[in-house]
Amino acid sequence: MLKEKLNKIYKYYLKGKTLSLIGILVIAISLPIALLLVQQRVTYKTQAVVEPVDISFSPQTQTLPPDSAFRIMVNARTNNVSFARVVFTFDRTKVNLSSEITTTSVMGTVIERTSRTNANSTGRATIVLAVPPGQALPTGNFEFARFNLTRISTTANDTTQLQFTQSETQVVDTTAEAAPSYTFTNASLTLNPTVSTPTPIPTNAPTNTPTPVPATPTPTPAAGVTILLNSATGLTCRQVCSNQGKSCTTVGTDSQASNAGAEIYDLNQVRCITLQGGMTCDARMVDRTQICNGNRANWTRCRCE
């Protein structure tokens, strides 16, 4: 009897040990599997949004006037967007919204949208949209909102910008994960552009003019007096008379070279001018290549004695 009881106790003990070993073995095998599942869960969660989101104005450059339409574009890449908040600012002393902001139909729930009046009074607009339940989530590149802009500034060639407020912008995907980063493209505006028109420079058509003729004697009214034409020689009458071995006493355009006049060509006014006095024997007759009153300017007559 004692032997049978001992055998039963021994078998019970062995059975308990076996069960304990099996339990330990099951735990040892299941623990790595559980850790792997947890890691996969965490990895899936952090990779819900794997690409940045691009937010831009279209067009990115524009001139005003006339009034122009602008769109806010969102490039979600492969992310499925369920919620988005976009804030932009502008210089309200230079430009204003000329229309209300309209939003995309693919994000039909409007949570917040600044009115034109409030935007123009603050220079700031906020747009918050969400996708209604059961509606397909937008992805890739899509239009988020649009509005028209008019210029207020009257300064010629003035400049300003439409700018996104980066710290207040957020795009959320279907797993409630926010985009990890954003790329913003603002819009540059030129107001009241003017084009300067160059002032035309007058040009003189080449004319066939006679070759300058050295001072030539003209009939003189009295013995010992010589009247010489000084036409575009580059010389003064004092020099012209000296070349004839005489001295200059007076100059002029009359036959006696006595009225102190000359015919000159004014390059600024582009015309011939008759000087009726004030010329002396030291006035130099430079070559202007133009004919004035029958002779090549500049010209006068020299009275040599």
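Cut-off values and rules
Residues numbered from 1 in each chain as written. Predicted model: local features only at pLDDT ≥ 70, side-chain atom pairs only at ≥ 80, totals over all residues. Heavy atoms only, no water. Helix = DSSP H or I, 4+ residues; strand = E, 2+ residues; numbered from the N terminus. Buried < 20%, exposed > 50% of the residue type's maximum accessible area, 1.4 Å probe, protein only. Areas by Shrake-Rupley, 256 points an atom, 1.4 Å probe, with all protein chains shown as cover. pLDDT = per-residue confidence, 0-100. Contact = heavy atoms within 4.5 Å. Disulfide = S-S within 2.5 Å. Phe/Tyr/Trp six-rings, centres within 6.5 Å; stacked < 30°, edge-to-face > 60°. Polar contact = N/O pair within 3.5 Å; in protein donor to acceptor, adjacent residues only side chain to side chain. Salt bridge = Lys/Arg side-chain N within 4 Å of Asp/Glu carboxyl O. Pairing = 2+ DSSP bridges. Core = buried A, V, L, I, M, F, W, Y, C linked by side-chain atoms within 4.5 Å.

Details of the overall build of the protein
At step 1: Of the regular secondary structure elements, the protein holds 3 helices and 21 strands.
At step 2: Expressed as a percentage of its 305 residues, the buried residues of the protein come to 33%.
At step 3: Accessible surface for the protein amounts to roughly 18,000 Å². Of this, 55% is attributable to carbon and sulfur atoms.

Description of the confidence of the model for the protein
At step 1: Scored by pLDDT, the protein has a mean of 84; 75% of the residues are at 70 or more.
At step 2: Considering each helix and strand of the protein separately, the mean pLDDT is smallest for helix α1 (residues 2-46), with a value of 51, and largest for strand β5 (residues 95-97), with 98.
At step 3: Within the model, the stretch residues 40-49 combines pLDDT values under 50 with 12 contacts to residues more than four positions away or in other chains.

Details of the state of the cysteines
At step 1: All told, the structure shown has 4 disulfides when counted by the stated rule.
At step 2: Residue pairing for Cys237: its cysteine sulfur links by disulfide to Cys302, the two sulfurs lying 1.9 Å apart. Of note, the bridge from Cys237 to Cys302 carries an S-S torsion of about -70 degrees and is left-handed in sense. Remark: Cys302 occurs in strand β21 (residues 299-304) and Cys237 occurs in helix α3 (residues 237-243); sequence separation between them is 65 residues. Cys302 carries the same exposure label as Cys237, and that label is buried.
At step 3: Disulfide pairing places Cys248 opposite Cys281 at an S-S distance of 2.0 Å. Looking along the S-S bond of the Cys248-Cys281 disulfide, the torsion reads about -75 degrees, which is the left-handed sense. Of this pair, Cys248 sits in strand β16 (residues 248-252) while Cys281 is found in the loop between β18 (271-275) and β19 (291-292), placing the two residues 33 residues apart along the sequence.
At step 4: Each bonded cysteine in the protein gets a number by its place in the sequence, and the pairs come out as 1-7, 2-8, 3-5, 4-6.

Observations regarding the packing of aromatic side chains
At step 1: Inspection of every chain in the model, using the stated rule, returns 8 aromatic pairs.
At step 2: When the centroid spacing of 4.1 Å and the interplanar angle of 15 degrees are considered together, the rings of Phe57 and Phe164 count as stacked. With Phe57 in strand β1 (residues 53-58) and Phe164 in strand β10 (residues 158-164), the pair connects residues that are 107 residues apart, well separated along the chain.
At step 3: Note on Phe164: relative accessible area 7%, which makes it buried.
At step 4: Consider the rings of Phe88 and Phe90, whose centres lie 6.4 Å apart with planes at 35 degrees: the pair is tilted.

Details of the side chain of Thr300
At step 1: By the element assignment, Thr300 lies in strand β21.
At step 2: Separated by 2.7 Å, the side chain of Thr300 and the backbone oxygen of Gly261 make a polar contact.

Some points on the pattern of salt bridges
One side chain can pair with another of opposite charge once the charged atoms of both are near each other.
At step 1: Going through the model one piece at a time under the given rule, you end up with 9 salt bridges.
At step 2: The residue Asp287 makes a salt bridge to Arg296 at a minimum N-O spacing of 2.8 Å.
At step 3: Classification of Arg296 as buried rests on a relative accessible area of 11%.
At step 4: Residues participating in the shared-partner salt-bridge network are Arg71, Glu143 and Arg146.

Some thoughts on the pairing of β18
At step 1: For strand β17 (residues 262-266) and β18, the ladder comprises 5 bridges, and the chain directions are antiparallel. Considered in β18, the bridge of Asp266 is made with Arg271.
At step 2: What sits between β17 and β18 in their antiparallel hairpin is a turn of 4 residues, with Val270 showing a positive phi close to 55 degrees.

Some points on the nonpolar core
Note on soluble globular proteins: their nonpolar side chains tend to be buried together.
At step 1: In this structure, Ile55, Ile72, Phe88, Phe144, Phe147, Leu149 and Leu162 are the most contacted members of the largest nonpolar core, which totals 35 residues.
At step 2: Those elements that place two or more of their residues in this core are β1, β3 (68-75), β4 (81-89), β5, β8 (124-130), β9 (141-151), β10 and β13 (187-191).
At step 3: Looking at this core, the element that brings in the most residues is β9, giving 5 residues.
At step 4: Ignoring sequence-local partners within four residues, the contact set of Leu149 consists of Leu64, Asp67, Ser68, Phe70, Val95, Asn96, Leu97, Ser98, Leu162 and Leu189.
At step 5: Core analysis: the next-biggest nonpolar cluster, separate from the first, contains 13 residues, Cys237, Cys281, Ala283 and Met285 among them.

Observations concerning the environment of Gly108
At step 1: Topologically, Gly108 is positioned in the loop between β6 (102-103) and β7 (109-113).
At step 2: As a C-alpha pair, Gly108 and Ala130 span 22 residues in sequence and 6.6 Å in three-dimensional space.
At step 3: Ignoring anything within four residues of it in the chain, the contact list for Gly108 reads Ala130, Pro132 and Gln135.

Side note on unusual backbone geometry
At step 1: Residue Pro59 follows Ser58 across a cis peptide bond; omega there is 5 degrees.
At step 2: In this structure, Asn157 takes a positive phi of about 55 degrees despite not being glycine.
At step 3: Along the polypeptide, Asn157 turns up in the loop between β9 and β10.
At step 4: The backbone of Ala257 sits at a positive phi, close to 55 degrees, despite the residue not being glycine.
At step 5: In this structure Ala257 comes out as buried when scored by relative accessible area, which is 0%.

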